[in-house]
Amino acid sequence: MATLSATLLRTCSQCRSLLPKPFNSATPVFHAFYKSKKCFLRNNHTLSKISLCRLLCAKQQLISRHQSTSSSEGQDVDDLLKDFEISHEEFRFVEQVLPSPTVPDLIEPSEFPTPSGWFPPNESLQAQQKYFVRRTKNHMLPVYCQMKNTWYGTTHYVSIKKIEGDIWALEADLREHVLKTTGQKKVNTQVHEVGRFIRVRGQHRDLIAKFLLERGM
Amino acid sequence: MASKVTEQALNLIKAMPRVALNNIKPLPYTAFKKKVNRQGNRKKKGRGDKGQGARGTWDPLGYEGGQHPLIDTSPRERYYAQYAVRRQYPPVSLLELQRLIDLNRVDVSRPIDITSICNTGLYSFHISKNHFGVNLTDEGCDQFAAKINLEVQWTSELVIAAIEKNGGTITTRYYDPPCLAALYDPLTFFKKGQPIPKCKVPPQDTLAYYSDPNFRGYLADPEKVLEAREKLAQKYGYKLPDLKDDPVKEMLLMRKDPLQIFYGLEPGWVVNLTEKCILKPKDEDYLRYYHTAY
Amino acid sequence: MNCHPKLYTILCWPVGLKHIVNNFKRSKTVCKGWQTWACSQRLQSSISHDASKIKQESTDSTQETSSKPVVTSRSLKFPTKHTYPRLAWLESMDSVESKKLGILDLHPDVFAVYPRIDILHQNVHWQQMYRYIDYNFEKSRAELRGGGRKPWPQKGLGKARHGSIRSPLWIRGAKAHGPRGPTSYFYVLPRAVRGLGLRVALSCKYAQNDLVVVDSFDSLPSSDPEFMAEMADVRFWGYSVLFVDDTDVMPENIAVSSSGNDGFSLMPAYGLNVYSILKHETLVMTMAALEKVEKKLLEEMHSTDRQRKFVNTLRPEDFYTKSKEDNRMYRKWTQPLNF
């Protein structure tokens with residue numbers, strides 16, 4: 001029996017209890033033993049402690065909510081995991097990790113364009129136009145690419161949103177600019193007066209973005 | 001003022017009857033009509049009448065009536081072999097990272113890792129799609145001009161050169177999926193009240209990458225990493241900025257423990273958000289589990 | 001009427017006779033509050049939209065009504081450059097007549113957005129539909145009684161061939177694609193549209209002078225419903241008023257007096273919705289509620305949160321109210337039955 005236990009069992013490094021050695025299908029004796037013992041997980045007992053720790057955390061929150069109620073029911077949970085330290089110092093690392101709920105304020109850079117090529121809106125140039133395009137919450141131009149896949153092929157659009165002021169004047173300028181720069185014979189545009197956006201057909205995203213930046217949007 | 005149209009519209013409704021439940025309506029031609037299959041489930045099911053079309057007995061795609069098909073003439077290239085189990089790294093370019101820095105979306109004064117990139121809300125990945133973190137690509141490597149301590153999951157040599165040229169440091173680091181879930185959305189993770197997980201060792205096929213000093217792997221020998229930095233500077237022909245006299249040297253040399261996933265927080269600790277404190281269990285077995293790597 | 005009646009026929013949103021007649025009936029409420037409007041408009045035009053300059057003028061104008069005018073200028077978060085902050089009077093509830101306590105800055109992104117009537121419609125339609133369940137049910141030909149037998153032989157009678165008397169072709173037969181069972185019309189409007197709907201509704205209320213800001217509801221002196229009715233009458237608040245406070249525990253006076261009046265409702269700030277705003281003629285908000293609503297809507301506009309698709313995490317089990325034993329088809333008898 002001593003030899004059998006030496007070949008099949010080992011002492012756990014964590015709790016000093018006997019555990020089966022790693023699975024080896026070549027030894028039929030072990031296989032039977034493995035089945036009878038219902039499979040020990042290596043960290044079976046530690047996992048139970050994790051769940052206890054979870055319970056403790058939940059209990060802490062409950063106590064903080066109902067200060068007046070006594071904690072006699074959870075006494076046995078405390079006994080099981082006595083060694084326990086509460087620290088407030090390291091909570092600043094948690095706060096560093098948590099996201100800010102809103103977009104942080106822009107620190108205006110001194111030089112333009114910034115290394116990534118970002119320009120701020122230019123108010124003096126904007127004042128010369130009849131129209132105005134607002135920036136998004138991420139301080140970017142609201143110019144978006146769209147793609148429509150249909151049975152007759154793929155169509156590309158570029159849409160400009162958040163337009164204020166004379167939307168028809170912007171459409172006319174844009175149309176003229178696209179025709180001039182690309183050399184196309186015609187350009188298809190759609191104007192949504194209520195939704196305040198324009199949709200241009202074709203892959204003109206960079207062209208339109210440059211057009212808007214030149215006008216200080 | 002440019003926004004006159006809004007003013008005009010608001011002035012217009014001043015004189016109009018009150019906007020109420022009885023006088024609002026949708027824009028014309030926007031009603032969505034639901035398509036109803038009037039044939040039900042029994043008849044032709046939209047497949048027309050009789051013949052090949054109705055019975056679905058088309059030839060398979062690529063069948064050329066018995067002639068040796070064209071598709072057989074060239075050898076197969078299995079682009080999608082093992083796609084379901086391959087590790088994916090959704091890309092972020094250097095240009096995008098620079099834009100995030102320019103617009104104050106990530107804090108340069110602290111080490112940047114996958115959490116700070118995800119917290120902007122502008123980058124996302126899905127653990128269920130076998131995504132294992134950020135792949136930093138070299139688009140915009142010439143414009144990049146920030147001095148940062150960066151930690152990503154995958155990069156190329158050119159990106160490493162672009163960052164070290166500006167005096168920054170970079171590490172490639174593996175995280176297993178449960179850790180990635182905590183890093184992706186720390187707030188929901190802390191709300192669960194679970195202990196902070198320990199990071200597992202990388203799988204065998206990536207172990208070579210993450211212990212390679214040329215890719216600044218987090219398991220590489222630090223002395224060999226210093227050598228590799230100098231070699232790369234010679235290769236790309238830039239002068240490596242000296243970190244010894246740097247005012248932010250401490251920040252630039254901050255590294256996580258291979259088991260650690262958040263800066264300053266050890267695995268096994270439990271965060272209590274309501275009381276703003278951290279619970280540190282002292283149990284021996286517990287600590288042994290969270291401080292051994294396997 | 002301040003407006004020529006003929007103009008109303010042109011300017012009405014849906015041109016319908018019934019609606020115009022209704023407006024004539026409510027002539028009292030239509031012409032309400034023009035004095036205050038004119039006053040604030042004069043202020044707006046003369047003062048070049050600067051809160052610091054407004055301070056002096058507003059104190060001059062309010063000196064007649066109250067001895068201690070309180071001018072509240074607020075620091076607005078997320079400022080915009082292309083428009084100017086809107087102004088609203090801060091009123092008090094301590095007397096029947098309105099007392100002007102000061103003047104307020106309102107954020108133009110919340111109280112002066114483009115009036116998207118279609119977005120309002122989307123919101124109202126969603127609010128009506130998401131809780132609507134259609135219980136209409138029609139039996140199919142299988143569920144109707146009878147009809148299993150072939151009514152007459154296939155051939156030899158000179159009549160049309162039929163297999164069942166409950167076929168949809170027959171009188172007293174089943175309906176082919178009738179309504180089946182309880183159908184849920186639940187859906188979720190995108191978060192951005194819900195936010196925009198609230199901002200549009202508040203802008204419309206402000207533009208039409210139906211938004212009233214008061215300091216708090218605590219100052220209401222009486223719990224008499226008639227006092228409240230008189231106050232609404234004198235201040236031209238109309239027949240239905242929505243009072244919004246930042247908490248859901250309201251002062252006793254306003255709770256009692258509004259419950260005594262039909263059409264007067266109380267609501268906490270978290271319950272504010274497009275349907276209720278449009279249903280009531282006037283929206284009365286406390287200063288605290290206004291700040292809470294404005295902050296929430298602005299944070300929603302500038303949030304870093306990813307827009308996730310709505311996923312219903314509720315399972316059918318969550319809706320069970322009875323215990324499992326009551327739902328059983330048969331009951332286990334522990335004791336033998338004694339007949």
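Analysis parameters
- Residues numbered from 1 in each chain as written.
- Chains lettered and ligands numbered in written order.
- Predicted model: local features only at pLDDT ≥ 70, side-chain atom pairs only at ≥ 80, totals over all residues.
- Heavy atoms only, no water.
- Axes fitted to C-alpha atoms, helices over the stretch in contact; angles between N-to-C directions.
- Helix = DSSP H or I, 4+ residues; strand = E, 2+ residues; numbered from the N terminus.
- Left-handed = near helix turned anticlockwise from the far one by under 90°.
- Contact = heavy atoms within 4.5 Å.
- Nonpolar A, V, L, I, M, F, W, Y, C, P; charged D, E, K, R; others polar.
- UniProt positions renumbered as here; feature names shortened; annotations may be inferred.
- Buried area = accessible area lost by both parts, 1.4 Å probe.
- Salt bridge = Lys/Arg side-chain N within 4 Å of Asp/Glu carboxyl O.
- Polar contact = N/O pair within 3.5 Å; in protein donor to acceptor, adjacent residues only side chain to side chain.
- Pairing = 2+ DSSP bridges.
- Patch = residues over 30% accessible without salt bridge, like charges linked within 9 Å, V, L, I, M, F, W, Y side chains within 5 Å.
- Areas by Shrake-Rupley, 256 points an atom, 1.4 Å probe, with all protein chains shown as cover.
- Lys, Arg positive; Asp, Glu negative; His and termini not counted.
- Charge placed at Lys NZ, Arg CZ, Asp CG, Glu CD.
- Buried < 20%, exposed > 50% of the residue type's maximum accessible area, 1.4 Å probe, protein only.
- Domains from an automatic or database assignment.

Describing the packing of helix α7 (residues 117-129) of chain C against helix α8 (residues 191-207) of chain C
Residue and element names in this part refer to chain C.
No. 1: Between α7 and α8, whose axes approach to 9 Å, the crossing angle comes to 115°. The handedness of the crossing between α7 and α8 is left-handed. Touching I119, L120, Q122, N123 and W126 of α7 are V193, R194, L196, G197, V200, A201 and C204, all from α8.
No. 2: Residue composition of the contact of α7 with α8, by class: 8 nonpolar, 3 polar and 1 charged.

Overview of the UniProt feature "domain: Large ribosomal subunit protein uL15/eL18" (unreviewed entry) in chain B
No. 1: UniProt marks residues 91-171 of chain B with the feature "domain: Large ribosomal subunit protein uL15/eL18" (unreviewed entry), using the numbering shown here.
No. 2: Secondary structure within residues 91-171 of chain B divides into 28% helix and 16% strand; the distance between the first and last C-alpha atoms comes to 16 Å.

Some remarks on the interface of chain A and chain B
No. 1: Counting from both sides, the interface comprises 52 residues of chain A and, opposite them, 49 residues of chain B.
No. 2: Area buried by chain A at its contact with chain B is led by A:F91, A:V97 and A:S116, which between them contribute 12% of it.
No. 3: The interface formed by chain A and chain B includes 1 salt bridge.
No. 4: We note a salt bridge from A:E90 to B:K280, for which the minimum N-O separation is 3.2 Å.
No. 5: At the surface where chain A touches chain B, the tally comes to 10 residue pairs in polar contact (both at pLDDT 80 or more).
No. 6: Among the elements that line the side of chain A that touches chain B, the one with the most residues is helix α3 (residues 44-65) of chain A, at 10 residues.
No. 7: In terms of residue class, the side of chain A that touches chain B is made up of 22 nonpolar, 18 polar and 12 charged.
No. 8: Judged from the 4 bridges that link them, strand β3 (residues 84-87) of chain A and strand β6 (residues 277-281) of chain B form a sheet pairing that is antiparallel. When the sheet's bridge partners are listed, A:S87 is paired in β6(B) with B:I278.

A look at a negative patch on the surface
Residue and element names in this part refer to chain B.
No. 1: Taken together, D221, E223, E227 and E230 make up a surface patch of like negative charges.
No. 2: Of note, D221 is situated in the loop between α8 (204-210) and α9 (222-236).
No. 3: The exposure class of D221 is partly exposed, given its relative accessible area of 39%.

Side note on the side chain of B:T120
No. 1: Examined against the element boundaries, B:T120 turns out to sit in the loop between α4 (114-118) and β2 (135-137).
No. 2: Take B:T120: its relative accessible area is 2%, and that puts it in the buried class.
No. 3: At a separation of 2.6 Å, a polar atom in the side chain of B:T120 contacts the main-chain carbonyl oxygen of B:I117.
No. 4: Setting aside anything within four residues of it in sequence, one finds B:T120 in contact with B:L100, B:R105, B:V106 and C:T304.

A closer look at the domain arrangement of chain B
No. 1: Its domain assignment divides chain B into domain 1 (1-77) and domain 2 (87-290).
No. 2: Put simply, the middle of domain 1 of chain B and the middle of domain 2 of chain B, counted by C-alpha atoms, are 44 Å apart.

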